[in-house]
Amino acid sequence: MIFYTLLTRGNYRVLKFVPNNTTGTLIAGVTGSSGADLNQFSTTIRYLYVPDTYNNRIMYWANGSSTSILVADNGTYGTTLNQMAYPYGIWPDSNSNMHIAEYQYHRVTKWASSAPSGILLAGTGTSGATPDKLTTPVGLYYDENRQTLYVSNSGSSAYTVMK
């Protein structure tokens, strides 16, 4: 059976719809309620893997679950590799590694499943226009076949995509 998932902007929730049915089923979040509890989002929802930006954590919501599973960080803002600084864009790979664009700290990290810290993939933690620096990265795409990571750099004047 095919299901459609609707990520509702401003309602802090994910709804699942069965074809030919106009009533959705809540599968993640709390309607109209933001917060820091594990059943809440602080920002508008983007994926079932969720970069909960202002709570500095990545969460996974299983289909039908009323609470999330923490998959990266513990909600602590910071600059060390066991902390995050506003995770924004994420890309899970086939090995359950999570590639994370950290908007505030100008870097991309990779977190293995259940790892206590990530490893640095791109950026230095300092904003800049040189090839080794990122400026407020917001989006990612990881091409596993080519082992290539593409990063959308939102803070540069040209909104660059780096490879």
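Fair warning: this is a prediction, and the values are worked out from it, not measured in the lab.

Summing up its helical and strand segments, the protein has zero helices and 13 strands in all. Going residue by residue from the N terminus, the α and β elements of the protein occur as β-β-β-β-β-β-β-β-β-β-β-β-β. Here the protein holds 163 residues, and the buried ones make up 39% of them. Long-range pairs, those at least 24 residues apart, make up 31% of the contacts in the protein between residues at least 6 apart in sequence. Surface summary for the protein: the accessible area is close to 8,700 Å², and the carbon and sulfur share equals 50%.

In terms of strand pairing, strand 4 (residues 49–52) meets strand 5 (residues 57–60) through four bridges, oriented antiparallel. Considered in strand 5, the bridge of Tyr49 is made with Tyr60. Hairpin connection of strand 4 to strand 5: four residues between the antiparallel strands, including Asn56 at a positive phi of 50°.

With that out of the way, let us pick up unusual backbone geometry. With the exception of glycine, the majority of residues adopt a negative phi angle, and the majority of peptide bonds are in the trans configuration. For His106, which is not glycine, the phi torsion reads 55° and is therefore positive. Topologically, His106 is positioned in the loop between strand 8 (98–102) and strand 9 (107–111). Even without a glycine there, the phi angle at Gln147 is positive, about 55°. In this fold, Gln147 is placed in the loop between strand 11 (137–143) and strand 12 (148–153).

The strand order 7-8-9-10 describes an open sheet built from four strands, whose pairing is antiparallel. Only two strands of the sheet have a single partner each, and these edge strands are strand 7 (87–92) and strand 10 (119–123). Pairs of neighbouring strands in the sheet enclose a mean axial angle of 25°, with direction left out of account. Of the pairings in the sheet, the one linking strand 9 to strand 10 comprises four bridges and is antiparallel in character.

Looking now at the side chain of Thr148. Along the polypeptide, Thr148 turns up in strand 12. From its side chain, Thr148 meets the backbone oxygen of Arg146 in a polar contact 3.1 Å long.

Pairing in this open sheet of three strands is antiparallel, and the strands run 4-5-6 from one edge to the other. Sheet topology places strand 4 and strand 6 (69–72) at the edges, where each strand pairs with a single neighbour. When strand polarity is set aside, the average angle formed by the axes of neighbouring strands in this sheet is 35°.

Turning our eyes to something else, we now look at the environment of Pro51. On the secondary structure map, Pro51 appears in strand 4. Pro51 sits in the buried class, given a relative accessible area of 3%. For the pair Pro51 and Ala101, spaced 50 residues apart in the sequence, the C-alpha separation amounts to 9.5 Å.

The rules behind each value
- Residues numbered from 1 in each chain as written.
- Predicted model: local features only at pLDDT ≥ 70, side-chain atom pairs only at ≥ 80, totals over all residues.
- Heavy atoms only, no water.
- Helix = DSSP H or I, 4+ residues; strand = E, 2+ residues; numbered from the N terminus.
- Buried < 20%, exposed > 50% of the residue type's maximum accessible area, 1.4 Å probe, protein only.
- Contact = heavy atoms within 4.5 Å.
- Areas by Shrake-Rupley, 256 points an atom, 1.4 Å probe, with all protein chains shown as cover.
- Pairing = 2+ DSSP bridges.
- Axes fitted to C-alpha atoms, helices over the stretch in contact; angles between N-to-C directions.
- Polar contact = N/O pair within 3.5 Å; in protein donor to acceptor, adjacent residues only side chain to side chain.

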